Amino acid sequence: MARLKALRGTRDILPDEMARWYLAESTAREIFARYGYREIRTPIIEAYELFARGIGEGTDIVHKEMYVLQRGRERVALRPENTAPVVRAYLEHSLQQTLPLSRFYYIGAQFRYERPQKGRQRQFHQIGVEVLGEDSPLVDAETIAMVLEYLNALRLEDLGLLINSVGDPACRPAYRDSLREYLEPLLGKLCEDCNRRYESNPLRVFDCKVEADRTLLQEAPRMLDQLCDPCAENFTAVRAALERLEVPYRVEPRLVRGLDYYVRTAFEVTSGKLGAQDAVLGGGRYDGLVQALGGPPVPGFGFAIGLERVIMLLPDDHPDLPEGGVDLFLVAVGDKAHHHLSDLARQLRRQGHSVLYEYRPRTLGAQMKRANRLQARLALILGEQELARKACVLKRMSDGSQREVPLTELSGAVNTLLEAGGHDRDRGEKQDGE
Ligand code: HAM
């Protein structure tokens, strides 16, 4: 029978990768908490309407990429992003009244029916933050500085911060018209997607990857040159605040985002090490979204990080990646000694150590081989003679040094040896390959 496989664009995250995920997640929790963010978890399925109204019916995300299910009369969507759901929850639970601070972060799976490629999946994961109710340009700058602090803590390299202002409802319509005017005579030469964008959302032409189109767009009018006074002042203030925080950035007038809710600040962090899908994260200000979802005029700012991309960039030698392997492997020589292993394991596990042993008696050589494969830090060897003396041998696997320890002193001796460390991370793998 043919074996089933994970769906295209989805992947299993296997145990060997998990330490990297834990590190990416725990570092976010730790750093975001310093800025007052608290976790929120929203459902994976939401009303279709939430994203149609929140992200925009004409966006690729809603129009082409959303997984939509019809259950009876209900039309639901797998969330393609988490900003609209957070705003929905904020309104539904009147969080602006009940919480002293509306700063949220989330970690979770998102779904977009895109063409899979390196760094682009149909189920992917984001860590994101949303600040609601704060419109100071300092919030934009500080939140951007926070996410860079996060990426630096993970030791990601070759990063660049791109910022832009995408204007607001006061100045964008006129800009959109001037862009359409520029594009119209070029439509015959531009790709099919750009022709569609011309109709639905002309700013999105700047996302086009077709080289010939990009050349044609070089002389296109720029939103930055047509900002209204309040938007221009705001952009200057955001830039000044970034400079005060010593955050290096580059203004990218062609940076447009794939979601309609942005106003003013839009930003991305890219990595030179990612290939075509080079955005590690993206975000910006979305002052009209709360209202668009039926709430009061509450400003918002946030970003979302693509976790798979962070995991790809995380250096293997990050000092906070925990060592693999178990603390102890228990080895019995002879059947009589083997009977004692389960009690010893229970005692040592109660002390907080990770402990494994063979359930069926095997040769000493087979057991030691297994200890190596499991990258045990210590082997506890129990033979008939040691048993008679109520003792065991503790062997440090990194250097082979060993000594006999009375069972009454076992816990102290194990603690001392494990604290002393000496575990060579690569040792188990090397021996496997021998
Ligand atoms: P976004 O730019 O659509 O923004 O996604 C943010 C990040 O998610 C991207 O920069 C990328 O790293 C990752 N990402 C997006 N699509 C995929 C995919 N198919 N496969 C792998 N990674 C992907 C948002 O989602 C906004 N909600 C961000 C935001 C929060 N704006 C304000 N608050």
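Bear in mind the structure is a predicted one, so any value in this text is a computation, not a measurement. (Residues numbered from 1 in each chain as written. Predicted model: local features only at pLDDT ≥ 70, side-chain atom pairs only at ≥ 80, totals over all residues. Heavy atoms only, no water.)

**As for the sheet that holds strand β14 (residues 378-382)**
Strand order in the open sheet formed by 5 strands is β13-β12-β14-β15-β16, with mixed pairing between adjacent strands. Bordering the open sheet on either side are β13 (355-357) and β16 (402-406), each of which pairs with just one other strand. Taking the axes of each pair of neighbouring strands and ignoring which way they run, one obtains an average angle of 25 degrees across the sheet. In this structure, β14 lies alongside strand β15 (residues 391-396), joined through 4 bridges in antiparallel fashion. Paired with L378 across the two strands is R396, which belongs to β15. Along the sheet face, helix α14 (residues 341-350) touches β12 (328-332), β13 and β14 and points at about 170 degrees away from the line of β13. (Pairing = 2+ DSSP bridges. Helix = DSSP H or I, 4+ residues; strand = E, 2+ residues; numbered from the N terminus. Axes fitted to C-alpha atoms, helices over the stretch in contact; angles between N-to-C directions. Contact = heavy atoms within 4.5 Å.)

**A short note on the packing of helix α6 (residues 137-153) against helix α10 (residues 229-244)**
Running from N to C, α6 and α10 cross one another at 40 degrees; their axes reach a closest spacing of 8 Å. Between α6 and α10, the interaxial angle falls into the category oblique. Regarding α6 and α10, the two cross each other, and that crossing is right-handed. When α6 is examined against α10, the residues P137, L138, D140, A141 and I144 are found in contact with a partner set consisting of N234, A237, V238, A241, L242 and R244. Classifying every residue of the contact of α6 with α10 gives 8 nonpolar, 1 polar and 2 charged. (Parallel < 35°, antiparallel > 145°, perpendicular 65-115°, else oblique. Left-handed = near helix turned anticlockwise from the far one by under 90°. Nonpolar A, V, L, I, M, F, W, Y, C, P; charged D, E, K, R; others polar.)

**Describing the sheet that holds strand β3 (residues 68-71)**
Sheet architecture is open: 3 strands sit in the order β2-β4-β3, paired in antiparallel fashion. Of all strands in the sheet, those bounded by a partner on one side alone are β2 (45-47) and β3. This sheet shows a mean twist of 35 degrees between the axes of neighbouring strands, independent of strand direction. Summarising the sheet, β2 and strand β4 (residues 74-78) pair through 3 bridges and their orientation is antiparallel. Bridging across to β4, E46 finds its partner in A77.

**Examining unusual backbone geometry**
Its identity is not glycine, yet R155 carries a phi of approximately 65 degrees, on the positive side. Secondary-structure assignment places R155 in the loop between α6 and β7 (159-165). For D158, which is not glycine, the phi torsion reads 60 degrees and is therefore positive. In this structure, D158 sits in the loop between α6 and β7.

**Overview of the domain arrangement of the protein chain**
Under the domain assignment used here, the protein chain contains domain 1 (15-171 + 227-313) and domain 2 (328-426). A straight line from the C-alpha centre of domain 1 to that of domain 2 covers 49 Å. (Domains from an automatic or database assignment.)

**A closer look at α6**
If you check α6, its first and last C-alpha atoms are 24 Å apart, about what 17 residues at 1.5 Å a residue would give, namely 24 Å. Along α6, the residues that are buried comprise V139, D140, A141, T143, I144, A145, M146, V147, L148, Y150 and L151. By the N-cap criterion, in which a side-chain oxygen at the helix start approaches the backbone nitrogen of a residue two or three places on, α6 is capped by S136, the distance to L138 being 2.9 Å. (Expected span 1.5 Å × (residues − 1). Buried < 20%, exposed > 50% of the residue type's maximum accessible area, 1.4 Å probe, protein only. Polar contact = N/O pair within 3.5 Å; in protein donor to acceptor, adjacent residues only side chain to side chain.)

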